[in-house]
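Below are the chains, spelled out letter by letter.
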Amino acid sequence: MGSSPGTGRSKREHFLRAALPCLALTALGSGPAAAQNLTPDLFNPNRGGFAAPDTLPTRRTAGVPQAPSDALPTLPDPNADPRKASERSAASRVGQVPTYGLPAATGASSSGYDSLNRKRQQPKLYPGQPKPKRAAGPGSKAPPATPERTLTPPRIAPPPSETAHKVPVPPAMAGNVPGQPLRRRLRADEDPFGAVGDYAGSFLIKGGLELSAGYDTNPTRLNKPVGSPAYVIAPDLLVVSDWERHALVADLRGSFSGYTNNMPATIDGLASPSPVEANRPDFTGHVDGRLDVTRDFKLLSQLRLRLATDNPGSPNVQAGLQKYPVYAAYGTTIGFDQTFNRFQVSAGATIDRTAYTDSKLTDGSIFPNTDRDFNQYGGVGRFSYDLKPGLKPFVEIEGDTRVHDQAADRNGYFRDSNGGYAKVGSSFEFSRILTGEISVGYSARNYTDPRLSQLSGFLTTGSLIWNASGLTTVKLFTDTQINETTIPGSSGVLVRTYAAEVDHDFRRWLTAVGKFTYGTYDYQNQGRNDKTYSLEGNLIYKLNRNIWVKGTLRHDILDSNVASASSQGTVVLLGVRLQN
């Protein structure tokens, strides 16, 4: 059977589709055909493998990984089928809340604003590594996580010794071990040749001893000078507590001035107004305690002691003495200190006693001085206000009563009295350049004996320290006191003292000290007024912290309106100070 007409037309159609393109290519070819060269890329199954990768116009750039030309083809990933991926994702979303776009706070990272208020993870630090400080605010530079470990302040340029050959320092000593805590910087030593002291438990103890020898042209301040070689022994002791709360301080300083020559017992056939033996002791000490009950309430106490003699040339010195009688003034103060924000109230009760030893005369007899012994009871209060940092004005009021052991003294005067003072002032501190306290006021004392008039006067007290430069310091002192006297008919003596001192360091180990003192002694109802001038210079050579060499030159002048009571004297001393 023959084929159907449809089948024949189909076969002719397939033949024409294959033959017509071949005839077209044969007709268009103008040159002879050449066989293709056999290359390694000929059998490369990759796309575009028949051409060298370097000659491809769309070749990959450098740094983009690509498979080598002879690599085997990578098998298809069954999970890459988009239909299966969509099925898995659809299954994972079953029962979940759909999310669209980026979640909240996606770009907050570990620092920045987090709208969800989540707790950020803190960076982990090495053991002992200091924690980095947060930036001060927007735009501020963040501090480094690990600060530079330097034991000294930064330098502009390292000295040549930095690169010189030297023994290497262990990293632990140099302070550059990672994670090692920073070493605490030592406080600058204000006095590189000062005493260091020793610790006994929680107390710091500093002690010193000065030994000096020289010459005094007028030890007893006579109108006609009589000189003598002199020596001075001056010990001192300072004990300070090192407690977090409360405080205890003991400051004890003394001296003994000795003279090898004796003074004349008589002058112009009369008993000498000065003792034969001019040796004099001098001691000043106090122990202060503070008990911190609360932050704003403190209990205060003080024990004090003063051992001395009457000043040479004073009218209180008896004629015909063998040696100076010594007096002891000792007492205590117990009080409190309460702070109300900027307002501060301090008050205390005082009890003091002054007692004299008996006078030994040149004829061997003893003269008692019990009429000069007395007790003093009083109280003092201070009200201050912290106006601003470095300025604190105050008002201070004091009152006391003096009761003598004998109602009448050697001349028949009743010297029991009541007195006190009131003063206003301020303590201040301006950039550590000028520090101190100064006040002015009025003092008065009334006596039970109607023959003794009221003793009163204007008073000034103060202590100022001016750091003029890093090498020069200026100190100013002023004080006013009402002292007892034995002069018949005189109520007492009003003593005013003014002093100025200048310390200058030529080198750290060489210091010069200049001091000028001016004082007035007003004996009321007697018309006697004494003025004293003292000019002193010291040169201190500091060998080390334990040994100093000191030279002293002092000139004293006593100018009195009473005939034959004025005097002058010069003292020259050279000594050594031992301290620890």
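Residues numbered from 1 in each chain as written. Predicted model: local features only at pLDDT ≥ 70, side-chain atom pairs only at ≥ 80, totals over all residues. Heavy atoms only, no water.

## Focus on the overall build of the protein
Heads up, the rule is: Strands are runs of DSSP state E lasting at least two residues, helices are runs of H or I lasting at least four, and both sets are numbered from the N terminus onward. Whether two residues are in contact is decided by their heavy atoms: any pair within 4.5 Å suffices. Only the protein chains shown count as cover for residues, and all accessible areas are computed by the Shrake-Rupley method using a 1.4 Å probe.
The secondary structure content of the protein amounts to 3 helices and 23 strands. A fraction of 55% describes how many contacts in the protein between residues 6 or more apart in sequence connect residues 24 or more apart. In the form shown here, the protein has an accessible surface area of approximately 38,200 Å², with 60% of it arising from carbon and sulfur atoms.

## Remarks on unusual backbone geometry
What counts here: Only protein chains enter the calculation, and the probe is 1.4 Å; a residue is then buried if its accessible area is under 20% of its type maximum, exposed if over 50%, and partly exposed in between.
In this structure, Arg 221 takes a positive phi of about 55° despite not being glycine. With respect to the element layout, Arg 221 can be found in the loop between β2 (203-216) and β3 (228-241). For Ser 564, which is not a glycine, the phi torsion comes out positive at approximately 60°. The topology assignment puts Ser 564 in the loop between β22 (547-560) and β23 (567-579). With a relative accessible area of 63%, Ser 564 lands in the exposed category.

## So, the side chain of Ser 384
By the secondary structure assignment, Ser 384 is in strand β13 (residues 374-385). Setting aside chain neighbours within four positions, we find Ser 384 in contact with Arg 342, Phe 343, Gln 344, Lys 392, Pro 393 and Phe 394.

## Thoughts on the pairing of strand β10 (residues 343-356)
As a reminder, the rule being used: For two strands to count as paired, DSSP must find a minimum of two bridges between them.
Summarising the sheet, strand β9 (residues 327-340) and β10 pair through 14 bridges and their orientation is antiparallel. Looking at β10, one finds that Asp 337 is bridged to Ser 346. Hairpin connection from β9 to β10: 2 residues lie between these consecutive antiparallel strands, with Asn 341 at a positive phi of about 55°. With 12 bridges connecting them, β10 and β13 associate as antiparallel partners. Its bridge partner lying in β13, Val 345 is registered against Phe 383.

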